[in-house]
Amino acid sequence: MPSLCKPWRDAWVESAYGVAGHWQNSWPAQHFRTAATSTSALAAMIMATLSSRPDLRAVVELGAGDGALLTAIHQANPELSLYGVELRERPVGLDAAISWCRDLWDVRTDTWTSGEAAQALSSSDGPTALLAVEWLDDLPCVVAERREDLDLLEVHVDCHGAERLGRPLGLEESQWTTRWWPYGSRVEVGLGRDRAWADAVRRLRRCGGLALMIDYGHRRPARPVDGSLSGYARGRQLVPVPDKSMNLTAHVAVDAVRDAGEQAGGRTVVLAQLVELVATTAPATTPDPLAALVQRSQRAALSSPRVWGQQYWLQQEVPRSDGERA
Ligand SMILES: C[S@@+](CC[C@H](N)C(=O)[O-])C[C@H]1O[C@@H](n2cnc3c(N)ncnc32)[C@H](O)[C@@H]1O
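Nothing here was measured: the structure is a model prediction, and the numbers come from that model.

Chemist: Requested: an account of the site of the ligand, with residues and values cited.
Modeler: Lining the immediate environment of the ligand, one finds 18 residues, of which T34, G63, G65, W105 and V133 sit closest. Of the residues contributing to the shell around the ligand, the split by class is 10 nonpolar, 4 polar and 4 charged.

See the structure below:
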């Protein structure tokens, strides 16, 4: 008997967030390394960005994982109020100074589920930094295939990963692909990621500050023509199957996210690949030869397209909206 097929986004939502879904029982470090927690060089770049805004009072990290980045920020600047937003419970042993907000961004309704994230994003009494590091690429998205007549049909998948084509894309999704992904045989519709980012930037306007996204991505001139949906389990890249054993991810259309942030009131300061950014920043100097060697190898990893270099850095200033309290 054929297995039940459902739209990729629904199958991905279930395998990631459902009862006994991937994120209920897995920690990121069990399946893959992330740049922010594996290299102190990226954490140092984030820290330098935060230090360039001495008026910052708080940092909110969406998809904070095991809290490693917030822990490093706390050690560097204990004055900042820190909030980790995560669908999972507070990590054991996390410094008590770091607040933990358990919340899930629901990609089917484009809202936070418990309200704790929304509260953290808009409750600070001063300028706040929003961080989303390797978060947006984990948000399930609609997957579509472009036929020769240029129609886009949603791709459905069964529990073994077998695919078939479903209904034509809805109006908003079609408009998104026309604008942002107009060629290629397979499209990962980034509308939901845009909305997640825009929601966070809009909420941040209450106190103002900056929003920083670091993630695997692509821009319109160089979208992957066959898409980028992948699975990761225990350090290996796998053919994607909507199965709780693997982390599913698809690269982010970063120019569309930039536009969404601007529509929500952000002003783009930087949109660049890490490989481009690292080339323009001077390495930190240290008299310790071993530390210098570690720094050089971490910078090489950040500027290598085969390691972290293909990640993008999107930084937007978020002015406080007129009439809101500081
Ligand atoms: C790839 S990990 C990145 C963790 C950390 N930011 C880092 O760079 O090491 C993505 C994290 O986002 C969380 N996450 C995924 N989807 C989410 C959602 N819809 N709402 C809230 N958190 C989510 C996962 O639980 C996971 O810890």
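Chemist: Any chance you could break down unusual backbone geometry for me, citing the residues and the numbers?
Modeler: Residue D110 is not a glycine yet carries a positive backbone phi of 55 degrees. Tracing the backbone shows D110 in the loop between β5 (105-106) and β6 (111-112). Judged by the 14 C-beta atoms lying within 10 Å of it, D110 falls in the partly exposed class. The phi dihedral of E134 is positive, around 50 degrees, even though this residue is not glycine. With respect to the secondary-structure elements, E134 resides in the loop between β7 (128-133) and β8 (142-146). E134 gets classed as buried once you count the C-beta atoms within 10 Å, which come to 21.

Chemist: Please set out the environment of L69 residue by residue, giving values where relevant.
Modeler: With respect to the secondary-structure elements, L69 resides in helix α6 (residues 68-76). Counting along the chain gives 22 residues from L69 to M47, while the straight-line C-alpha distance between them is 9.7 Å.

Chemist: Which residues make up the packing of helix α5 (residues 40-51) against α6, and what are the values?
Modeler: One can describe the packing of α5 onto α6 by two numbers: an axis separation of 11 Å at closest approach and a directional angle of 50 degrees. As summarised for this structure, α5 and α6 are arranged oblique, according to the angle between their axes. Once α5 is placed against α6, the crossing between them reads as right-handed. Facing A43, M47 and L50 of α5, the residues of α6 in contact are L69, A72, I73 and A76. Taken together, the residues of the contact of α5 with α6 break down into 7 nonpolar, no polar and no charged.

Chemist: I'd love a proper account of the packing of helix α9 (residues 191-204) against helix α10 (residues 254-263), names of residues and values included.
Modeler: Orientation of α9 relative to α10, taken along the N-to-C sense of each, is 35 degrees, at an axis distance of 8 Å. Seen along the crossing, α9 lies across α10 with a hand that is right-handed. Here R193, D194, R195, W197, A198 and V201 of α9 lie close against α10, whose contacting residues are A256, V257, A260, G261 and Q263. Of the residues that constitute the contact of α9 with α10, the class distribution is 6 nonpolar, 2 polar and 3 charged.

Chemist: Please give an account of the sheet that holds strand β15 (residues 247-249) that cites residues and values.
Modeler: Across the sheet, which stays open at both edges, the 3 strands sit in the order β14-β13-β15 with antiparallel pairing between neighbours. With one partner strand each, in any of the chains shown, β14 (236-238) and β15 form the two edges of the open sheet. The average undirected angle you get between the axes of adjacent strands in this sheet is 35 degrees. Bridge analysis of strand β13 (residues 230-233) against β15 gives 3 bridges, and the strand direction is antiparallel.

Chemist: Tell me what's going on with the nonpolar core, and back it up with residues and numbers.
Modeler: L130 and V257 are the most contacted members of the largest nonpolar core, which has 84 residues in total. No other element matches the 7 residues that α9 contributes to this core. In this view, V257 contacts L136, R193, D194, W197, M213, V252 and L314; residues no more than four positions away in its chain are not counted.

Chemist: Can you lay out α9 for me, pointing to particular residues and giving the numbers?
Modeler: Taking 1.5 Å per residue, 14 residues should reach 20 Å; α9 reaches 20 Å between its end C-alpha atoms and fits that length. With 11 of 14 residues buried, α9 lies mostly within the body of the structure. Where α9 is concerned, the buried positions are L191, G192, R193, D194, A196, W197, A198, A200, V201, R203 and L204.

What counts and how
- Residues numbered from 1 in each chain as written.
- Predicted model: local features only at pLDDT ≥ 70, side-chain atom pairs only at ≥ 80, totals over all residues.
- Near = placed C-beta within 6 Å.
- Nonpolar A, V, L, I, M, F, W, Y, C, P; charged D, E, K, R; others polar.
- Helix = DSSP H or I, 4+ residues; strand = E, 2+ residues; numbered from the N terminus.
- Buried ≥ 20, exposed ≤ 12 C-beta atoms within 10 Å, placed from the backbone.
- Axes fitted to C-alpha atoms, helices over the stretch in contact; angles between N-to-C directions.
- Parallel < 35°, antiparallel > 145°, perpendicular 65-115°, else oblique.
- Left-handed = near helix turned anticlockwise from the far one by under 90°.
- Contact = placed C-beta atoms within 7 Å.
- Pairing = 2+ DSSP bridges.
- Core = buried A, V, L, I, M, F, W, Y, C linked by C-beta atoms within 7 Å.
- Expected span 1.5 Å × (residues − 1).

Everything listed here is a matter of coordinates, which is why it stays silent on function.
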